[in-house]
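If you want the building blocks of each chain, they are given just below.
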Amino acid sequence: MDATEAYDIAPSPAARRRPHAMMDPAERREEIIAAARALYEEKGLARTTIQDITGRIGVARSLFYHYFPDKDAVTSAVLDAYIADYLEALHYWNANRRQGDIEHALSSVVRLLRVALFEHDAFRAALASRENAALYLEFINRVADQTATYLIESTVRDYQALHEVRIDHLYETFYVLILGIIGYMRHHPDADDALIADLIAQTLHMERGQ
């Protein structure tokens, strides 16, 4: 399994759910989030209602409001779930990097970004629409923050053992780079992976071919 496969984590089938009466509050909350996520991917954000979400798992609307004050709140939790899946794939990518092989690391992380952030479904399409611009910005800022933090604590530390890191303000540089790469890939979906890898390497002043 590669990092892109690690990202593709589907919600548990309804048949595997524990009976509602047996669920503790944390499990119930996760069930609501999973139902909202599945519906967003199937129907899109705007076309999914709270009634759809509660109907999917067979509970009353009043139960939804016990866990979330409104649809925006459960949507924020769905974003967290997407980001958690992405970070899990990023951890897998980092754990399986080839030590000292910068080219492989660059090419594989570009593929990961394409799958994790730009895979086609109704929810991602909705995020990219103008009506959800604020939600999209919240999403990519969360991605940039958590990616930058994780890479600095793991991948950059490993890189420093073999190479000189020739940039200041590590967190800020990674944060801006990630936002820029996501924005560029969104507006230029056909951009070659090698170009994206070059942009990353140049921005970070990486020592390639050594």
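Residues numbered from 1 in each chain as written. Predicted model: local features only at pLDDT ≥ 70, side-chain atom pairs only at ≥ 80, totals over all residues. Heavy atoms only, no water.

### Regarding the packing of aromatic side chains
For step 1, the next point in the chain: Scanning the model with the defined rule gives 3 aromatic pairs in all.
For step 2, the next point in the chain: Measuring from centroid to centroid gives 5.4 Å for Phe64 and Tyr65, while their planes differ by 85°, and the two rings are edge-to-face.
For step 3, the next point in the chain: By relative accessible area, which is 0% here, Phe64 ends up buried.
For step 4, the next point in the chain: Tyr65 gets classed as partly exposed once you look at its relative accessible area, which sits at 38%.
For step 5, the next point in the chain: Ring centres 5.7 Å apart and planes at 40° place the aromatic pair Phe64 and Phe68 in the tilted group.
For step 6, the next point in the chain: You can call Phe68 buried: its relative accessible area is 2%.
For step 7, the next point in the chain: Sitting over the face of the ring of Tyr82, Arg37 holds its NZ or CZ atom 4.3 Å from the ring centroid. (Phe/Tyr/Trp six-rings, centres within 6.5 Å; stacked < 30°, edge-to-face > 60°. Buried < 20%, exposed > 50% of the residue type's maximum accessible area, 1.4 Å probe, protein only. Lys NZ or Arg CZ within 6 Å of the ring centre and 35° of its normal.)

### A look at the confidence of the model for the chain
For step 1, the next point in the chain: Taken as a whole, the chain shows an average pLDDT of 86; of its residues, 87% reach a score of 70 or greater.
For step 2, the next point in the chain: pLDDT under 50 marks residues 1-18. Its contacts with residues more than four places away, or in other chains, come to 30 contacts. (pLDDT = per-residue confidence, 0-100. Contact = heavy atoms within 4.5 Å.)

### Brief notes about the pattern of salt bridges
When charged atoms on two side chains of opposite charge get close, those side chains can pair.
For step 1, the next point in the chain: By the definition in use, this model includes 12 salt bridges.
For step 2, the next point in the chain: Linking Arg37 and Asp85 is a salt bridge whose minimum nitrogen-to-oxygen distance equals 2.9 Å. Note that Arg37 is positioned in helix 2 (residues 25-43) and Asp85 in helix 5 (residues 71-95), a separation of 48 residues in sequence.
For step 3, the next point in the chain: The class of Arg37 is buried, set by a relative accessible area of 9%.
For step 4, the next point in the chain: Close ionic contact of Arg208 with Glu103 constitutes a salt bridge, the shortest N to O distance being 2.8 Å. Of the two residues, Arg208 is situated in the segment after helix 11 (193-203) and Glu103 in helix 6 (residues 102-118); the sequence distance between them amounts to 105 residues. (Salt bridge = Lys/Arg side-chain N within 4 Å of Asp/Glu carboxyl O. Helix = DSSP H or I, 4+ residues; strand = E, 2+ residues; numbered from the N terminus.)

### Observations regarding the nonpolar core
For step 1, the next point in the chain: If you look at the biggest cluster of nonpolar residues, it comprises 64 residues, and the most contacted ones within it are Ile53, Val74, Leu90, Phe139 and Ile200.
For step 2, the next point in the chain: Counting residues per element, this core draws most heavily on helix 5, at 12 residues.
For step 3, the next point in the chain: Residues in contact with Ile200, not counting those within four places in the same chain, are Leu106, Val109, Val110, Leu177 and Ile181. (Core = buried A, V, L, I, M, F, W, Y, C linked by side-chain atoms within 4.5 Å.)

### A few points about the side chain of Thr54
For step 1, the next point in the chain: Here Thr54 is to be found in helix 3 (residues 50-57).
For step 2, the next point in the chain: Residues within four places of Thr54 in sequence aside, it is in contact with Val59, Ala60, Arg61 and Phe64.

### Some points on the packing of helix 8 (residues 133-153) against helix 10 (residues 170-187)
For step 1, the next point in the chain: Running from amino to carboxyl end, helix 8 crosses helix 10 at an angle of 135°, the nearest separation of the two axes being 8 Å. Classified by the angle between their axes, helix 8 and helix 10 sit oblique to one another. The element helix 8 and its partner helix 10 pack so that their crossing is right-handed. Contacts from Tyr136, Ile140, Asn141, Val143, Ala144, Asp145, Thr147, Ala148, Thr149, Leu151 and Ile152 of helix 8 reach helix 10 at Leu170, Tyr171, Phe174, Tyr175, Ile178, Leu179, Ile182 and Arg186.
For step 2, the next point in the chain: Counted by class, the contact of helix 8 with helix 10 contains 14 nonpolar, 3 polar and 2 charged residues. (Axes fitted to C-alpha atoms, helices over the stretch in contact; angles between N-to-C directions. Parallel < 35°, antiparallel > 145°, perpendicular 65-115°, else oblique. Left-handed = near helix turned anticlockwise from the far one by under 90°. Nonpolar A, V, L, I, M, F, W, Y, C, P; charged D, E, K, R; others polar.)

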